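Geometric and topological summary
Listed below, chain by chain, are the residues.
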Amino acid sequence: MVADTSLSGVRVAREIDRLMIERGKPKMVVSENGSELTSNAILAWADASRVDWHYIALGKPMQNGFIESFNGRLREELLNEVLFTSLAQARAVLVGTRTCST
(Lines give C-alpha, C1' and ligand atoms only; values in the text may rest on other atoms or scores of the structure.)
Protein backbone atom coordinates (compact mmCIF):
# COMPACT_ATOMS: atom_id res chain seq x y z
CA MET A 1 0.00 0.00 0.00
CA VAL A 2 1.25 3.44 -0.91
CA ALA A 3 -0.02 6.65 0.63
CA ASP A 4 0.61 9.87 -1.26
CA THR A 5 -1.20 12.92 -2.53
CA SER A 6 -1.35 11.42 -6.03
CA LEU A 7 0.14 8.50 -7.92
CA SER A 8 1.32 8.84 -11.50
CA GLY A 9 1.79 5.94 -13.87
CA VAL A 10 5.56 6.30 -13.44
CA ARG A 11 5.16 5.99 -9.67
CA VAL A 12 2.87 2.99 -9.99
CA ALA A 13 5.41 1.28 -12.28
CA ARG A 14 8.19 2.01 -9.78
CA GLU A 15 6.12 0.51 -6.95
CA ILE A 16 5.36 -2.60 -9.01
CA ASP A 17 9.09 -2.98 -9.70
CA ARG A 18 9.70 -2.79 -5.93
CA LEU A 19 7.04 -5.43 -5.32
CA MET A 20 8.54 -7.69 -7.97
CA ILE A 21 11.84 -7.66 -6.07
CA GLU A 22 10.02 -8.71 -2.89
CA ARG A 23 7.49 -11.18 -4.32
CA GLY A 24 8.51 -12.10 -7.84
CA LYS A 25 7.19 -11.24 -11.27
CA PRO A 26 3.45 -11.61 -11.83
CA LYS A 27 2.14 -13.28 -14.96
CA MET A 28 -0.65 -10.73 -15.20
CA VAL A 29 -1.88 -7.56 -13.54
CA VAL A 30 -5.63 -6.95 -13.42
CA SER A 31 -6.70 -3.38 -12.79
CA GLU A 32 -9.42 -0.83 -13.19
CA ASN A 33 -9.19 1.86 -15.82
CA GLY A 34 -7.90 4.73 -13.68
CA SER A 35 -5.74 7.30 -15.45
CA GLU A 36 -2.60 6.24 -13.57
CA LEU A 37 -3.18 2.65 -14.74
CA THR A 38 -3.91 3.44 -18.38
CA SER A 39 -1.01 5.86 -18.85
CA ASN A 40 1.75 5.46 -21.40
CA ALA A 41 4.13 4.80 -18.49
CA ILE A 42 2.18 1.70 -17.44
CA LEU A 43 1.75 0.47 -21.00
CA ALA A 44 5.52 0.86 -21.57
CA TRP A 45 6.30 -0.82 -18.23
CA ALA A 46 4.04 -3.81 -19.01
CA ASP A 47 5.60 -4.18 -22.46
CA ALA A 48 9.19 -3.89 -21.19
CA SER A 49 8.52 -6.20 -18.23
CA ARG A 50 6.63 -8.72 -20.37
CA VAL A 51 3.74 -8.74 -17.92
CA ASP A 52 0.22 -9.05 -19.31
CA TRP A 53 -2.05 -6.21 -18.19
CA HIS A 54 -5.80 -6.78 -18.15
CA TYR A 55 -8.32 -4.00 -17.59
CA ILE A 56 -11.69 -4.87 -16.10
CA ALA A 57 -14.70 -3.72 -18.07
CA LEU A 58 -16.00 -0.27 -17.22
CA GLY A 59 -18.72 -0.46 -14.58
CA LYS A 60 -17.87 -4.09 -13.70
CA PRO A 61 -15.88 -3.94 -10.44
CA MET A 62 -16.75 -7.54 -9.61
CA GLN A 63 -14.46 -8.64 -12.43
CA ASN A 64 -11.78 -7.87 -9.84
CA GLY A 65 -13.75 -9.02 -6.80
CA PHE A 66 -10.73 -9.88 -4.65
CA ILE A 67 -9.37 -6.33 -4.69
CA GLU A 68 -12.84 -4.81 -4.36
CA SER A 69 -13.32 -6.90 -1.22
CA PHE A 70 -9.91 -5.87 0.11
CA ASN A 71 -10.59 -2.18 -0.61
CA GLY A 72 -13.94 -2.38 1.18
CA ARG A 73 -12.42 -3.97 4.26
CA LEU A 74 -9.53 -1.49 4.29
CA ARG A 75 -12.02 1.38 4.10
CA GLU A 76 -14.27 -0.05 6.84
CA GLU A 77 -11.59 -1.26 9.23
CA LEU A 78 -8.95 1.45 8.83
CA LEU A 79 -9.71 4.47 6.70
CA ASN A 80 -13.12 5.16 8.26
CA GLU A 81 -11.70 4.67 11.77
CA VAL A 82 -8.54 6.80 11.71
CA LEU A 83 -8.34 10.55 11.24
CA PHE A 84 -4.96 11.04 9.60
CA THR A 85 -3.33 14.34 10.50
CA SER A 86 -0.43 14.00 8.07
CA LEU A 87 0.80 11.98 5.15
CA ALA A 88 3.62 10.68 7.36
CA GLN A 89 1.08 9.33 9.84
CA ALA A 90 -0.89 7.62 7.07
CA ARG A 91 2.29 6.00 5.78
CA ALA A 92 3.27 4.82 9.26
CA VAL A 93 -0.17 3.32 9.89
CA LEU A 94 -0.12 1.52 6.54
CA VAL A 95 3.34 0.11 7.24
CA GLY A 96 2.12 -1.11 10.63
CA THR A 97 -0.97 -2.63 9.04
CA ARG A 98 1.14 -4.41 6.43
CA THR A 99 3.44 -5.78 9.11
CA CYS A 100 0.51 -7.08 11.16
CA SER A 101 -1.18 -8.83 8.25
CA THR A 102 1.84 -10.72 6.90
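All of these numbers come straight from a predicted model, not from anything done at the bench. (Residues numbered from 1 in each chain as written. Predicted model: local features only at pLDDT ≥ 70, side-chain atom pairs only at ≥ 80, totals over all residues. Heavy atoms only, no water.)

In contact at an axis separation of 7 Å, helix 1 (residues 9–23) and helix 2 (residues 40–49) are set at 30° when each is read in the N-to-C sense. Judged by the inter-axis angle, helix 1 sits roughly parallel to helix 2. Every pair of crossing elements has a handedness; the one defined by helix 1 and helix 2 is right-handed. Together, G9, V10, V12, A13, I16, D17 and M20 of helix 1 and A41, I42 and W45 of helix 2 make up the contact between the two elements. Residue classes in the contact of helix 1 with helix 2 are distributed as 8 nonpolar, 1 polar and 1 charged. (Axes fitted to C-alpha atoms, helices over the stretch in contact; angles between N-to-C directions. Helix = DSSP H or I, 4+ residues; strand = E, 2+ residues; numbered from the N terminus. Parallel < 35°, antiparallel > 145°, perpendicular 65-115°, else oblique. Left-handed = near helix turned anticlockwise from the far one by under 90°. Contact = heavy atoms within 4.5 Å. Nonpolar A, V, L, I, M, F, W, Y, C, P; charged D, E, K, R; others polar.)

Positionally, R11 belongs in helix 1. Setting aside residues up to four positions removed in sequence, R11 forms contacts with V2 and D4.

Turning next to the packing of aromatic side chains. One pass over the full model with this rule turns up 2 aromatic pairs. Relative to W53, the ring of W45 has its centre 6.1 Å away and its plane inclined at 85°; by these criteria the two rings are edge-to-face. The burial state of W45 is the same as that of W53; both residues are buried. Ring geometry for W53 versus Y55: centroids 6.3 Å apart, planes at 40°, classification tilted. (Phe/Tyr/Trp six-rings, centres within 6.5 Å; stacked < 30°, edge-to-face > 60°. Buried < 20%, exposed > 50% of the residue type's maximum accessible area, 1.4 Å probe, protein only.)

Turning to helix 1, a few remarks are in order. With 15 residues, helix 1 should reach 21 Å at 1.5 Å per residue; the first-to-last C-alpha distance of 20 Å fits that figure. Regarding helix 1, the residues found buried are G9, R11, V12, A13, E15 and I16. On its buried side, helix 1 packs onto helix 2 and strand 2 (52–55). One or two positions beyond helix 1, positive phi appears at G24, with a value near 95°. (Expected span 1.5 Å × (residues − 1).)

Our focus in this paragraph is the pattern of salt bridges. Pairing between side chains of opposite charge can happen when their charged atoms approach one another. For the structure shown, the criterion picks out 6 salt bridges. Between E77 and R73 there is a salt bridge, with its nearest N and O atoms 3.1 Å apart. Taken together, the residues span about one helical turn, with E77 and R73 both in helix 3 (residues 65–79) at a distance of 4 residues. Like R73, E77 is exposed. Linked by salt bridges that have partners in common, D4, R11, E15, R18, E22 and R91 make up one network. (Salt bridge = Lys/Arg side-chain N within 4 Å of Asp/Glu carboxyl O.)

For helix 3, with 15 residues, the first-to-last C-alpha span of 20 Å sits near the 21 Å given by 1.5 Å per residue. Of all the residues in helix 3, the buried ones are G65, G72, L74 and L78.

Burial along strand 1 (residues 28–31) is one-sided: the face carrying V29 and S31 is buried and the face carrying M28 and V30 is not. The pairing of strand 1 with strand 2 spans 4 bridges and is parallel. Within strand 2, the residue paired with M28 across the bridge is D52. Handedness of the crossover joining strand 1 and strand 2 through helix 2: right-handed. (Pairing = 2+ DSSP bridges. Right-handed = clockwise from strand over helix to strand, strands pointing away.)

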